[in-house]
Amino acid sequence: MELNRRSLLAAIGAGTAAALTGCGTGTSAAGSADGPAEGEITLLTPIYEGAKGKKLLEGDILGGFRKKYPDVKVNVDYTTYDQLNEKITTGLAGGLLPDVLMMGVGWIPPFAAKGAIAELPEKLAETHDYEKRVLEPSRHDGKLYALPVVLDTRIVVYRKDHFAEAGIRKTPANWSELRSVAKQLTTKGRVGFDPFSINLRQCWETFLFANGGQLFSADGKKPLFTDARGVESLQFFKDLVADGSADYSRKTDTGAPSNVQTGQGSMMMTTSALWVQVKEQNPELIEQDKLGSFVLANRRPAMLQGGTLVSQSASSRHPAAARALVQYLATPESILGAAQQRGSVPGLRDLSDTPYVKENQFVDLSLKNLQHAVSEGGTAAWMEIREKIVPTLEPAIVGGQSAKDAIAELGRLAEAAIGRM
């Protein structure tokens, strides 16, 4: 699989322009998006999962789109985030990209640099009341290439009852307090802090940002995480494990009851989606007000901002229809539906006072702290680098490798990937 992926990346790096030209499309075709919205187009999406998600998208959201644009037929291609990169890469190499693509935060610079997605009119960024940080991941070289649909923030959720039993009156304000509180909360059969039940890449990035660090330089050409702040962020995980207040082997799978839900953990790194999961699996925890949340902080507060963006293929044969669907998926009504289904954060101030936001306390916390949101990515080589973060950092947690050596190795891999761009 790795050999195949490298071959695809090489083909794209050498032949993107030729592939687009061969299709008789490219950015010039996207420029004709002011014509009538008509034709048959395809939407590639990693969200709207399961039967409920499909009903929401195809019944409610696309139902409304069909009423507004009766001459457009939309075919939906469902995938997962684990398969999305390879699916887009394969389509790009073969000149058969879907007309509209939903992708993750950090993905826009790589695919914009490859000519896969079309630049959007700047006026679309002003259509709704976006927080500036929410729009940043939609840009490349200052130009708009996507619109935000939903955000997935990384926050700390804790058991209020565990805190009360231990006599802890406030949430940790820095890592020193976090480590101390985690030790205090750890008992036989319970870890004080679970940072490992979310993706290790996302968790380490959140700690890096809270430690005042950065992933890359502003131009995306130099890794900056190799300094002391990146090493300290990884070392903190090792320290928690050494204390016995965190355990990598006790991480839970996505969708399974979390350690905080079962009482086997007092604090955990997670996303706002946990609220929806708890409502379904352990509603008593919400009814009895046993869950709280806070933003991780050390040198500064920081909340990793992931999420899903919607973009237009540069090679669409029906650019007006594709552009219309991009705009429709980013309307407040469509965003709110997607956010409710996933337990995600709607990136619009227009929706901050909706019942959904007020009821989901993790979403409410996230919206109130968007000024502390930081996005992953920041380089055109991100799609290659992101896949190497977990396997490179994991040996420092589960094996004997030092945090300094693991970060240095990741830095070398990142420099090599950037050098190939």
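Just so it is clear, the model here is predicted, and its values are computed rather than measured.

Engineer: Kindly report on helix α12 (residues 274–281), identifying the contributing residues and their values.
Structural biologist: In an α-helix, one full turn covers 3.6 residues, which means residues spaced three or four apart are oriented alike. When we look at burial in α12, the residues that qualify are Leu-274, Trp-275, Gln-277 and Val-278. End-on view of α12: buried residues confined to an arc of 160°, all on one side of the axis.

Engineer: With reference to specific residues and values, describe helix α14 (residues 319–329).
Structural biologist: Among the 11 residues in α14, 10 count as buried, and that is most of the element. Within the span of α14, buried status applies to Pro-319, Ala-320, Ala-321, Ala-322, Arg-323, Ala-324, Leu-325, Val-326, Tyr-328 and Leu-329.

Engineer: Tell me what's going on with unusual backbone geometry, and back it up with residues and numbers.
Structural biologist: Unlike most non-glycine residues, Tyr-48 shows phi in positive territory, near 65°. Following the sequence through the fold, Tyr-48 ends up in the loop between β1 (39–45) and α3 (50–68). Residue class for Tyr-48 comes out buried when judged on its relative accessible area of 1%. Here the phi dihedral of Asp-141 falls at roughly 50°; this positive angle occurs in a residue that is not glycine. If you trace the backbone, Asp-141 turns up in the loop between β4 (139–140) and β5 (143–144). Relative accessible area serves as the criterion here: at 67%, Asp-141 is assigned to the exposed category.

Engineer: Tell me about the nonpolar core, residues and numbers included.
Structural biologist: Counting residues in each nonpolar core, the largest one holds 68 residues, and the members touching the most others are Trp-204, Phe-207, Leu-234 and Met-267. By size, the runner-up hydrophobic cluster in this structure holds 59 residues, among which are Ala-125, Tyr-130, Leu-147 and Ala-338.

Engineer: Would you mind going over the packing of helix α9 (residues 200–210) against helix α10 (residues 228–243) in detail, with residue names and values included?
Structural biologist: Relative to each other, α9 and α10 sit at 120°, their axes nearing to 9 Å. Classified by the interaxial angle, the pair formed by α9 and α10 is oblique. α9 and α10 meet at a crossing whose hand is right-handed. Taken together, the residues of α10 that come into contact with α9 (itself represented by Leu-200, Cys-203, Trp-204, Phe-207 and Leu-208) are Arg-229, Gly-230, Ser-233, Leu-234, Phe-236 and Phe-237. Residues belonging to the contact of α9 with α10 are distributed by class as follows: eight nonpolar, two polar and one charged.

Engineer: Could you give me a rundown of the environment of Pro-70, with the residues and numbers involved?
Structural biologist: Mapped onto the elements, Pro-70 comes out in the loop between α3 and β2 (72–78). Since its relative accessible area comes to 63%, Pro-70 is described here as exposed. C-alpha of Pro-70 to C-alpha of Leu-413: the two residues are 343 residues apart in sequence and 49 Å apart in space.

Engineer: Go over the confidence of the model for the protein with me, naming the residues and quoting the values.
Structural biologist: On average, residues of the protein score 91 in pLDDT, and 92% of them reach the 70 mark or higher. Across residues 1–31 the pLDDT falls below 50, and counting only partners more than four positions away or on other chains, this stretch makes 37 contacts in the model.

Engineer: Before we move on, can you summarise the side chain of Glu-376 with the specific residues and values?
Structural biologist: Checked against the element boundaries, Glu-376 lands in the loop between β11 (373–375) and α18 (382–398). A polar atom in the side chain of Glu-376 sits 3.0 Å from the side chain of Arg-201. Once residues within four sequence positions are removed from consideration, Glu-376 is found in contact with Val-105, Gly-106, Arg-201, Glu-205, Leu-215, Leu-304, Gln-305 and Trp-382.

Engineer: Summarise the packing of α3 against helix α15 (residues 332–342); cite the residues concerned and give the values.
Structural biologist: Helix-helix packing: each pair is described by the crossing angle between the helix axes and the interaxial distance. Closest axis-to-axis distance for the α3/α15 pair is 10 Å, and the angle between their directions is 165°. When the axis of α3 is compared with that of α15, the two are roughly antiparallel. Crossing handedness for the pair α3 and α15: right-handed. Contacts between α3 and α15 involve Gly-53, Leu-56 and Ile-61 from the first element and Ser-334, Gly-337, Ala-338 and Gln-341 from the second. Along the lines of polarity and charge, the residues of the contact of α3 with α15 split into three nonpolar, four polar and no charged.

Engineer: Could you give an account of the pattern of salt bridges, with specific residues and numbers?
Structural biologist: Under the defined criterion, the tally for this structure stands at 21 salt bridges. Arg-342 is the partner of Glu-49 in a salt bridge, and the nearest nitrogen-oxygen pair spans 2.5 Å. Of this pair, Glu-49 sits in the loop between β1 and α3 while Arg-342 sits in helix α15; the two residues are 293 residues apart in sequence, bridging distant segments of the chain. Under the relative-accessibility criterion, Arg-342 is labelled buried at 18%. Across the pair Arg-420 and Glu-384 runs a salt bridge, and its minimum N-O distance is 2.2 Å.

Engineer: Quick one: what's the story with the packing of aromatic side chains, residue by residue and with numbers?
Structural biologist: By convention here, two paired aromatic rings are described through the distance between centres and the angle between planes. For the structure on display, the rule yields 17 aromatic pairs. Ring centres 4.9 Å apart and planes at 70° place the aromatic pair Phe-196 and Tyr-248 in the edge-to-face group. Within this pair, whereas Phe-196 is found in the loop between α8 (175–185) and α9, its partner Tyr-248 is found in the loop between α10 and α11 (259–262), the two being separated by 52 residues in sequence. The same class applies to Phe-196 and to Tyr-248, which are both buried. A network of ring pairs unites the aromatic residues Trp-175, Phe-193, Phe-196, Phe-207, Phe-236, Phe-237 and Tyr-248 as a single cluster. Looking at Lys-114, its charged tip hangs above the ring of Phe-111, at a distance of 5.6 Å from the centre.

Engineer: Lay out the pairing of strand β7 (residues 267–271) in plain terms, naming residues and giving numbers.
Structural biologist: Summarising burial for β7: five of the five residues are buried, a large majority. Here β7 shows a buried face lined by Met-267, Met-269 and Thr-271 and a second buried face lined by Met-268 and Thr-270.

Engineer: Outline the pairing of β1, supporting the account with residue identities and numerical values.
Structural biologist: Judged from the seven bridges that link them, β1 and β2 form a sheet pairing that is parallel. Bridging from a neighbouring strand, Ile-41 pairs with Val-74 of β2. In terms of handedness, the path from β1 via α3 over to β2 forms a crossover that is right-handed. When β1 meets strand β3 (residues 100–104), the two strands line up parallel, connected through two bridges. Paired with Leu-44 across the bridge in β3 is Leu-101.

Calculation rules
Residues numbered from 1 in each chain as written. Predicted model: local features only at pLDDT ≥ 70, side-chain atom pairs only at ≥ 80, totals over all residues. Heavy atoms only, no water. Buried < 20%, exposed > 50% of the residue type's maximum accessible area, 1.4 Å probe, protein only. Helix = DSSP H or I, 4+ residues; strand = E, 2+ residues; numbered from the N terminus. Arc of directions from axis to C-beta. Core = buried A, V, L, I, M, F, W, Y, C linked by side-chain atoms within 4.5 Å. Axes fitted to C-alpha atoms, helices over the stretch in contact; angles between N-to-C directions. Parallel < 35°, antiparallel > 145°, perpendicular 65-115°, else oblique. Left-handed = near helix turned anticlockwise from the far one by under 90°. Contact = heavy atoms within 4.5 Å. Nonpolar A, V, L, I, M, F, W, Y, C, P; charged D, E, K, R; others polar. pLDDT = per-residue confidence, 0-100. Polar contact = N/O pair within 3.5 Å; in protein donor to acceptor, adjacent residues only side chain to side chain. Salt bridge = Lys/Arg side-chain N within 4 Å of Asp/Glu carboxyl O. Phe/Tyr/Trp six-rings, centres within 6.5 Å; stacked < 30°, edge-to-face > 60°. Lys NZ or Arg CZ within 6 Å of the ring centre and 35° of its normal. Pairing = 2+ DSSP bridges. Right-handed = clockwise from strand over helix to strand, strands pointing away.

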